[in-house]
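Listed below, chain by chain, are the residues.
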Amino acid sequence: MATAANSATAAGAAKDAPPAPSKSLSGIVKQVLSGDTVVIRATKGAPPPEKQITFSHVLAPKLARRPGAGGDETKDEPWAWESREYLRKKLIGVEVTFTFDKPANSNREYGFVRIGKDKDTGENVVESIVREGLVSVRREGRPTAEQQTLIELEDQARAAGRGKWTTNPNVADKVRNIKWAHENPAHLVDIYGGKPVKAIIEHVRDGSTVRAFLLPDFHYITLMISGIRCPGVKLDADGKPDLSVKVPFADEARYYVETRLLQRDVEIRLESVNNSNFIGTILYPKGNIAESLLREGLAKCVDWSMAVMKTGADKLRAAERVAKDKRLRQWQDYQAKTPAFNSKEKDFSGSVVEVFNGDAINVRLSNGQVKKVFFSSIRPPRDQRAVVGTDGEEIVKAPPRGKNYRPLYEIPHMFDAREFLRKKLINKKVQCNLDYISPPRENFPEKYCYTVSIGGQNVAEAMVAKGLATCVRYRQDDDQRSSAYDQLIAAEQQAIKGLKGLHAKKDNATLRVNDLTVDHSRIKVQYLPSWQRALRTEAIVEFVASGSRLRLFVPKDSCLVTFLLAGISCPRSSRPALNGVPAQEGEPFGDEALTFTRERVLQRDVSVHIDTTDKAGSSVIGWLWTDSGANLSVALVEEGLAEVHFSAEKSEYYRLLKSAEDRAKGAKKNIWANYVEQVPEEKTVVEEEKEDKVVVERKVNYENVIVTEITEALTFYAQSVDNGSKLESLMSKLHADFLSNPPIAGSYTPKRGDLVAAQFTLDNQWYRAKVERVQGSNATVLYIDYGNKETLPTNRLAALPPAFSSEKPYATEYALALVVLPTDNEDKEEALRAFSEDVLNHKVQLNVELKVAGSPNLATLHDPTTKADFGKQLVAEGLVLAEKRRERKLKDLVDQYKAAQEAALAAHLAIWKYGDITQDDAPEFR
């Protein structure tokens with residue numbers, strides 16, 4: 001290498017050539033500006049000083065210049081990019097020794113650069129790039145020794161055809177096609193599809209904003225790093241950088257990024273755009289640069305850009321927490337605001353028993369305690385008359401509404417939000433993880449806010465994704481937020497993009513609800529007739545006032561109505577003081593009845609049959625079936641929490657109610673704890689004579705039926721011929737539903753009394769059935785539309801969809817009137833065989849002769865053509881006995897049956913073959 005003196009002599013001999021270097025320093029290469037110019041920074045300082053060195057005696061091809069960067073757009077000279085890249089890969093981040101001098105009347109400093117600390121033995125970078133044929137050597141004037149060496153190296157490169165001296169150069173291949181601007185940045189994001197793309201960082205504007213080339217297509221982009229913001233340069237009134245104002249940690253953050261990314265090979269994952277800037281994640285050999293900046297306290301998380309991240313938002317939050325805990329740099333004065341939680345408050349699981357208006361639920365824990373749980377960091381739909389600020393807070397509250405205002409129905413999407421939660425959560429097990437406690441404010445108490453998940457899914461995130469809730473916006477230093485806040489923000493962005501729910505462009509209309517709990521005048525005229533005609537009506541239980549008094553929402557009619565359970569009398573529950581009305585004590589077991597009803601029907605889908613209204617016409621009275629098919633009136637009586645009302649005697653459910661009440665009395669449950677059974681007094685002769693004076697004529701009203709099943713007790717099940725098409729339609733829909741949505745085997749656990757779907761053994765089709773008994777893994781069911789019974793494995797049972805539970809059974813059980821089976825088993829079998837041959841699966845005519853409370857109605861069956869009475873025919877053939885009954889209206893029919901029996905006895909037919917079998921009942925045979 002030439003000495004400084006020799007360099008000075010050479011400079012004097014050639015005035016036009018750059019002077020030979022005379023000063024020697026060391027440093028680390030920060031940036032390569034071109035094939036002949038580098039920026040070297042000192043090894044000390046924060047940030048350290050820098051020096052730009054142009055190589056002496058050489059000239060590199062000029063790189064392209066972007067428009068607006070001090071002039072018009074220019075293209076690369078051939079081999080400009082290759083010469084720059086040769087130096088970048090060799091020098092960036094490498095410690096070098098360099099000698100330089102600044103000629104008079106020049107703004108540049110020229111010199112030589114050697115790799116390593118030894119200025120004499122290190123690789124001469126200028127000579128290396130000349131040897132590769134990537135720069136030209138200046139040949140004007142008298143050459144110095146260093147220059148002569150470079151000339152010789154250039155001649156060797158020319159002779160060997162290296163680099164730009166290649167003999168067959170394809171110039172077009174050595175000029176980049178740079179895309180400086182992008183008319184549709186979002187389209188470029190879509191092209192890369194969130195996949196990492198190779199890139200080179202060309203400039204670091206501040207710690208969180210860089211410029212880069214995307215390879216290999218040379219898209220030049222300005223990139224804002226996703227999820228973070230570093231301190232930047234302060235802008236003046238004209239929007240230009242004001243370098244006189246020092247922003248704490250701005251220079252340090254930029255220096256931190258420069259030393260790790262500038263002109264390094266990285267991967268960039270484009271995630272979104274902001275105006276003409278791109279938003280994305282930069283991955284370098286040590287990971288995500290955003291995490292590193294956060295961990296050092298040089299950046300803070302930014303919610304709006306974190307929402308666009310595909311993955312890794314949780315890692316950014318964790319990195320920021322590290323800096324907060326250590327109080328590094330920007331967090332040096334940080335004070336945690338999150339209170340400490342005990343383990344019982346923090347995490348628990350339980351079953352959801354109630355949903356409040358879109359932002360809270362009640363959860364019952366395993367110990368029976370009920371906790372109110374608020375969803376973290378979301379807001380339910382709100383009154384549109386309120387004025388809301390940019391942070392989502394209400395600046396001006398909505399003016400008060402009238403006393404009958406019901407926000408659940410009148411605030412757009414509030415009912416949708418509640419319904420989403422109700423259908424998804426009620427009676428389901430959820431996991432609750434406490435995020436923060438919101439302090440009390442105004443008239444509201446403190447709120448315990450949780451991340452609630454079901455089956456691994458965040459419920460709040462699902463709500464936000466459907467546009468049924470919005471995210472709360474926080475200050476950057478506010479840690480009281482959901483642990484899944486970034487996922488919530490991302491879900492909200494998707495909902496906005498998809499115009500879902502609250503974000504739809506169309507006007508959000510309120511749900512129009514007819515509140516019949518306030519306006520009673522239309523119940524009897526407008527609604528009651530259709531409700532009475534319907535076999536069952538689907539409804540939602542909105543409120544339970546007592547064990548037998550509820551408020552229902554009927555979706556089909558979009559109305560609210562007060563509903564009273566028919567057939568029972570339930571003790572009154574206690575009432576708290578409200579609006580100046582003093583508290584009222586409840587009757588014994590009234591609160592227990594209230595709890596029983598709440599636990600089974602509150603906010604559940606139920607089906608009801610409405611019979612009538614109360615005397616005032618303000619409430620409807622009827623029967624209610626829970627989502628499991630249980631009659632709630634019967635269930636309350638069974639638990640001893642209600643007694644049978646006299647009005648139930650006319651009801652078809654009287655037998656069930658009376659049997660349930662008898663069982664509750666026998667078990668001395670609740671209201672019957674002190675019950676003592678009374679022995680009924682025998683009626684006097686006078687009373688019987690009074691009753692006998694009431695004479696009722698027999699009514700004949702034939703109905704065409706098909707007998708579908710006959711039991712061993714001589715009862716039978718019959719279907720009305722008029723309902724045949726309805727039954728076929730119901731079965732077709734049921735079969736189609738289970739074919740398209742087959743149940744998961746074993747997912748349903750049947751209970752006695754449940755209305756279920758059962759897979760019949762003979763054809764493997766699904767039918768409606770009622771569970772009569774469960775024994776281990778088997779269950780005995782009654783097919784309610786046909787009357788036959790079967791014992792099945794429980795995995796052949798499934799929950800009956802609500803759409804198929806509202807219709808009454810199509811098969812009704814009757815007892816064959818005025819006949820009695822013989823006691824001998826063989827005679828019984830013969831009688832049942834003959835009866836089956838006559839009527840089973842045949843179309844016959846049925847007449848109800850007598851309605852019996854608690855038992856099947858007594859009926860006669862007749863041949864449609866001959867009008868022959870099949871029961872009397874069995875008596876006449878000596879297969880059954882005539883029954884002795886005292887009802888006056890049946891006297892003529894009883895006499896006919898008695899005459900037929902006497903004729904069979906006289907002819908010694910069948911059971912009378914050996915004489916009068918009834919003589920066995922005489923006293924001497926007892």
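Residues numbered from 1 in each chain as written. Predicted model: local features only at pLDDT ≥ 70, side-chain atom pairs only at ≥ 80, totals over all residues. Heavy atoms only, no water.

Along the chain, Lys843 turns up in strand S43 (residues 843-850). A residue is classified by how much of its surface remains accessible, and Lys843, at 48% relative accessible area, is partly exposed. As for Lys843 and Tyr255, which are separated by 588 residues in sequence, their C-alpha atoms are 95 Å apart. Sequence-distant contacts of Lys843, defined by excluding residues within four places in its chain, comprise Asn704, Val705, Ile706, Val721 and Pro864. (Helix = DSSP H or I, 4+ residues; strand = E, 2+ residues; numbered from the N terminus. Buried < 20%, exposed > 50% of the residue type's maximum accessible area, 1.4 Å probe, protein only. Contact = heavy atoms within 4.5 Å.)

To continue, consider the sheet that holds strand S6 (residues 110-115). One closed barrel holds the 5 strands; their spatial order is S1-S2-S3-S6-S5, and the pairing between them is mixed. Recorded for the sheet is a direction-independent mean angle of 50° between the axes of neighbouring strands. Pairing between strand S2 (residues 37-41) and strand S3 (residues 50-55): 5 bridges, direction antiparallel. Each residue of the ladder has a partner; that of Thr37, found in S3, is Thr54. Running at roughly 125° to strand S1 (residues 23-34), helix H2 (residues 80-91) makes contact with S1, S2, S3, strand S5 (95-101) and S6 of the sheet. (Pairing = 2+ DSSP bridges. Axes fitted to C-alpha atoms, helices over the stretch in contact; angles between N-to-C directions.)

As judged from the 5 bridges shared by strand S16 (residues 347-355) and strand S22 (residues 429-438), these two strands associate in the antiparallel manner. By the bridge assignment, Gly350 is partnered in S22 with Val430. The sheet contact formed by S16 and strand S17 (residues 360-364) spans 4 bridges and is antiparallel. Bridge pairing in S17 places Ser351 opposite Arg364. Between the antiparallel neighbours S16 and S17 lie 4 residues, among them Gly358 with a positive phi of about 85°.

When the UniProt feature table is mapped onto this chain, "domain: TNase-like" (unreviewed entry) is found at residues 23-167, 195-333, 346-505 and 535-674. Helix makes up 27% of residues 195-333 and strand 34%, and the two end C-alpha atoms of the span are 39 Å apart. (UniProt positions renumbered as here; feature names shortened; annotations may be inferred.)

So, on to unusual backbone geometry. The omega angle of the peptide bond from Leu215 to Pro216 is 5°, so this bond is cis rather than trans. Here Pro216 is to be found in the loop between strand S9 (209-214) and strand S10 (219-225). Although it is not a glycine, Asn841 sits at a positive phi angle of roughly 65°. Tracing the sequence through the fold places Asn841 in the loop between helix H21 (825-839) and S43. We classify Asn841 as exposed; its relative accessible area is 57%. Positive phi outside glycine occurs at Lys867, with the angle close to 65°. Along the chain, the position of Lys867 falls in the loop between strand S44 (857-862) and helix H22 (870-876). Lys867 sits in the partly exposed class, given a relative accessible area of 44%.

What follows covers H21. Over its 15 residues, H21 runs 21 Å from end to end, which matches the ideal 21 Å to within 8%, given 1.5 Å per residue. Residues Ala831, Leu832, Ala834, Phe835 and Val839 constitute the buried set of H21. The arc that holds every buried residue of H21, seen down its axis, measures 160°, which confines them to one face. Opposite the packed face of H21, turned more than 90 degrees from it, sit the exposed residues Asn825, Glu826, Glu829 and Glu837. Buried residues in H21 make contact with strand S34 (703-710), strand S35 (715-720), strand S41 (811-816), S43, S44 and H22. The backbone nitrogen of Glu826 has a side-chain oxygen 3.0 Å away, supplied by the residue at the start of H21, namely Asp824. (Expected span 1.5 Å × (residues − 1). Arc of directions from axis to C-beta. Polar contact = N/O pair within 3.5 Å; in protein donor to acceptor, adjacent residues only side chain to side chain.)

This paragraph deals with the pairing of S22. Of all 10 residues in S22, 7 are buried; the element is thus mostly enclosed. Pairing between S22 and strand S23 (residues 447-454): 7 bridges, direction antiparallel. Looking across to S23, one finds that Gln431 is bridged to Ser453.

With that out of the way, let us pick up the packing of aromatic side chains. Across all of its chains, the model carries 24 aromatic pairs by this definition. Judged by centre distance (5.3 Å) and plane angle (90°), the ring pair of Trp81 and Phe218 falls under edge-to-face. One end of the pair, Trp81, is in helix H2; the other, Phe218, is in the loop between S9 and S10, with 137 residues separating them in the sequence. Take Trp81 and Phe218: they sit in the same class, and that class is buried. With a centroid separation of 4.7 Å and an interplanar angle of 50°, the aromatic rings of Trp623 and Tyr653 are classed as tilted. In this pair, Trp623 sits in strand S32 (residues 620-625) while Tyr653 sits in the loop between strand S33 (643-644) and helix H18 (654-667), placing the two residues 30 residues apart along the sequence. For Tyr653, a relative accessible area of 13% gives the class buried. Counting every residue linked through ring pairs, the aromatic cluster contains Trp81, Trp180, Phe213, Phe218 and Tyr220. The ring of Phe356 is capped by Lys372, whose NZ or CZ atom sits 4.2 Å from the centre of that ring. (Phe/Tyr/Trp six-rings, centres within 6.5 Å; stacked < 30°, edge-to-face > 60°. Lys NZ or Arg CZ within 6 Å of the ring centre and 35° of its normal.)

Right, let's talk about the pattern of salt bridges for a bit. What the rule picks out here adds up to 51 salt bridges. Between Arg88 and Asp265 there is a salt bridge whose closest N-O contact spans 3.1 Å. One end of the pair, Arg88, is in helix H2; the other, Asp265, is in strand S12 (residues 265-274), with 177 residues separating them in the sequence. Judged by its relative accessible area of 4%, Arg88 is buried. (Salt bridge = Lys/Arg side-chain N within 4 Å of Asp/Glu carboxyl O.)

What follows is about the sheet that holds S44. Pairing is mixed in the closed barrel, where 5 strands are placed in the order S34-S35-S41-S44-S43. Ignoring strand direction, the axes of neighbouring strands in this sheet form an average angle of 60°. In this sheet, S44 lies alongside S43 in antiparallel orientation, the contact comprising 5 bridges. Paired with Val848 across the strands is Ala859, a residue of S44.

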